[in-house]
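# Structural characterization, general
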Amino acid sequence: MAATSPPKVVFEHEGVFIHTSPNESEDQDLISGFLRIVDKDGETLVEYKPLEDADPSNMLCACKDSSSVVEWAQRSGDSPHHPIDHQLSYETEWDMINAVSFRRKVHTHGDGGSNHANDRNKWAFSFNVCDLRSITVKCEGWSYITFRLKDGTVLPAIHFHQGGSTAFLDSLRISVQINESPDDESVLIVSTYSKAFSQSFENLLDDTNYGFVQKFKKDPYTTTLGGFSKVTNYLFDAFRVPESECHQRPAEEVADLLGELIPGLEINQQEEPGFEVITRLDLGLRPEVQRRGPVAMEEWAKYQDSEGRITNVPYLKDVIFKGGLCHAVRREAWKFLLGYFPWNSTHEERKLLQKRKTDEYFRMKLQWKSVSEEQERRNSRLRDYRSLIEKDVNRTDRNNKFYEGLDNPGLILLHDILMTYCMFDFDLGYVQGMSDLLSPILYVMENEVDAFWCFVSFMDEMHENFEEQMQGMKTQLIQLSTLLRLLDLAFWNYLEAQDSGYLYFCFRWLLIRFKRELHFQDVLRLWEVMWTRLPCQNFHLLVCCAILDSEKQKIMDRKYGFNEILKHINELSMKLDIEEILSKSEAICMQIKNCKDLPHSVSEILGLNTVTEPSAALETSEYGILESPQTSPRSTHRQDHIVSNGHSHLKESTHNGCKVAIIS
């Protein structure tokens, strides 16, 4: 048999005790042992073994299709012995035995009686962190922890008489997400991270036999980006129980299911203490807005002085927001909008900046270009990044003339820029969807270096969308739900009644900023309008609200259910009018701004009234958005200030976004 790769011990602590009786008594016995967290064959296990337990036959065993340990308290004499086949283990004393039934193997001596060691052996346990539901942490002079598994099993409490509980939980957070329960501060809710970001991405539409929910659990980005039209039935069916049991699962249960898919996304849960209560507000009439034509080259030139500095930046952003840019202007203007060029830089300063950035880019490009095949065979992450990029590049905007055909130079540039970005941010590397964000930028720039640095600036804003914890996506979905409840409570209540209040169908909109929903030229228009950071923070959320506002009557009149809503939203792709959407989005923003007693959570989401006394160094645009010369805290490569993209408010907004309840 081929030897298995050695495991990695992530955490190990000796002197962790189990009290044999939950209550203090004369028969109380303290079982001292080791607690470990081990990465083995791609899985993370938590294992406890009494110090005297050196015999692998006494480890608790699980079914072959489960890593959970159950019936941990059953004594050796409670059931007949079942034959068990041993597996080769990385370390014999920590072996987990495969068994047909959930029973502990009985180790007997002579007449069948267990010795003292075996009496301690029954306290050993091991489980996969994916099977962990919650952790209860309490303190009685020392900390002790109780594990509850998803199948309902409660394992014996482990006591940290000599400390180490904090270090254990910190190590566990590497593999799972741990959040405090809103109902009991001593209970920590455990959710597993998505592993989609390190896996190969396949076209899910080619596989019609695999459940949608399972696909989404494994790979939410591919499932979402692959389109819903052919898989909505699987999602719908997965949330249904047989008709003989019930017509439909309750909304709370669906919310729990989605909470497992996107850990931390708790939009539909019942009202909790501490929620900010928002009563139904009269938003007043929605104002009419007028858009103008795009900024042409002649008009753009009027905003530059003799040395090339851009003047009257706030007003220029206003006109770009109102009408966008002619294509001839985009190549230069996007560099300013994205922060690659400082607004107050001269022609000469920009030439020097480009030269410096060119040198920096090609040094990074050389890093992956110079990796030999032998080196790459020993670098699995780089190998995986390259494989995924090659796969995605070959199916990105191939109907666009800039990328169509075989051996297209546009595809080569797309590939090289994404590979170089992996060198720039190796921790994030490449995640599916990033090619969608780069494609329009490269199309406009037609230059490898300029496209790279503009893409880097865009990724500074979009970074949280692609991080493994999915914090950016969770935040935006919660914020969008908050805004929709304010704007149209009746529609939001209808969606919630159809198990759609979590607004999952907007996931793709938010992930790649409507790239798959609009025609290519309309994407260019939408993005340049959003990059002005006007008329408020998180304007893209109001774009979502505008689209839903246009579709709500059809959804409600036709009594669409969960499946039909998902299908209907998916079929909007390439049918949306960008100018109509932008007009309605701006009108919604003005309507909200005109509302008296606006809820604090909404003000935070949209960045309204966050600064009461602008300093002399700040300029104010028509919409009251402040322009500041400070640089972004995340981006050290950028030379100028980009108006806050909301990240500084996201953590607080996440809390405020959750803590909202509306009384109708």
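Basis of the calculations
- Sequence order as written defines the numbering, with residues in each chain counted from 1.
- The model is predicted, so local features are restricted to residues of pLDDT at least 70 and side-chain atom pairs to those at 80 or more, both for listing and for counting; the totals for chains, interfaces and linings are taken over all residues.
- Heavy atoms from the whole structure form the basis of all side-chain values; hydrogens and water molecules are not counted.
- Here, a salt bridge means any Lys or Arg side-chain nitrogen found within 4 Å of an Asp or Glu carboxyl oxygen.
- Secondary structure elements follow DSSP: runs of H or I of four or more residues count as helices, runs of E of two or more count as strands, with numbering from the N terminus.
- We call a residue buried when its accessible area falls under 20% of the maximum for its residue type, exposed when it is over 50%, and partly exposed in between, using a 1.4 Å probe and counting protein chains only.
- A pair of aromatic rings is counted whenever rings of Phe, Tyr or Trp (Trp by its six-membered ring) have centres within 6.5 Å, and the orientation is called stacked for planes under 30 degrees apart, edge-to-face for over 60 and tilted otherwise.
- By definition here, charges over rings are those cases where NZ of Lys or CZ of Arg is within 6 Å of the ring centre and within 35 degrees of the ring normal.

## Section: the pattern of salt bridges
- According to the stated counting rule, one finds 32 salt bridges in the structure shown.
- A salt bridge links Lys322 to Glu586; the nearest nitrogen and oxygen atoms lie 2.7 Å apart. Remark: Glu586 occurs in helix H22 (residues 578–593) and Lys322 occurs in helix H8 (residues 313–323); sequence separation between them is 264 residues.
- Judged by relative accessible area, which is 17%, Lys322 ranks as buried.
- For Glu586, a relative accessible area of 1% puts it in the buried group.
- Here Glu517 makes a salt bridge to Arg508, at a shortest N to O gap of 2.7 Å. With respect to class, Glu517 is no different from Arg508; both count as buried.
- Each member of the salt-bridge network shares a partner with another, and the members are Arg286, Asp488, Asp549, Lys552 and Lys584.

## Re the packing of aromatic side chains
- Following the criterion strictly, the structure yields 31 aromatic pairs and no others.
- Arranged with centres 4.8 Å apart and planes meeting at 90°, the rings of Trp334 and Trp531 form a pair that is edge-to-face. In this pair, Trp334 is assigned in helix H9 (residues 327–337) and Trp531 in the loop between helix H19 (520–530) and helix H20 (539–557), connecting sequence segments 197 residues apart. The two residues Trp334 and Trp531 agree in class, both being buried.
- Ring centres of Tyr385 and Phe426 lie 5.4 Å apart, and the angle between their planes is 75°; on these two criteria the pair is classed as edge-to-face. In this pair, Tyr385 is assigned in helix H12 (residues 380–393) and Phe426 in the loop between helix H13 (409–424) and helix H14 (434–445), connecting sequence segments 41 residues apart.
- Taking relative accessible area as the criterion, Tyr385 reaches 7% and is therefore assigned buried.
- One aromatic cluster in this structure is built from Phe11, Tyr48, Phe125, Phe127, Phe147, Phe160 and Phe168.
- Over the ring of Trp453 we find Lys357; its NZ or CZ atom is 4.2 Å from the centre of that ring.
- The positively charged end of Arg485 is found above the aromatic ring belonging to Trp492, 4.8 Å away from the centroid.

## Examining unusual backbone geometry
- Leu534 connects to Pro535 through a cis peptide bond whose omega is -5°.
- Within the secondary structure layout, Pro535 lies in the loop between H19 and H20.
- We note that Met470 has phi near 60°; this positive angle belongs to a residue other than glycine.
- Following the sequence through the fold, Met470 ends up in the loop between helix H15 (448–466) and helix H16 (471–487).
- Residue classification places Met470 among the buried residues on the basis of a relative accessible area of 1%.
- Positive phi, close to 50°, is recorded for Arg513, a residue that is not glycine.
- You can call Arg513 buried: its relative accessible area is 4%.

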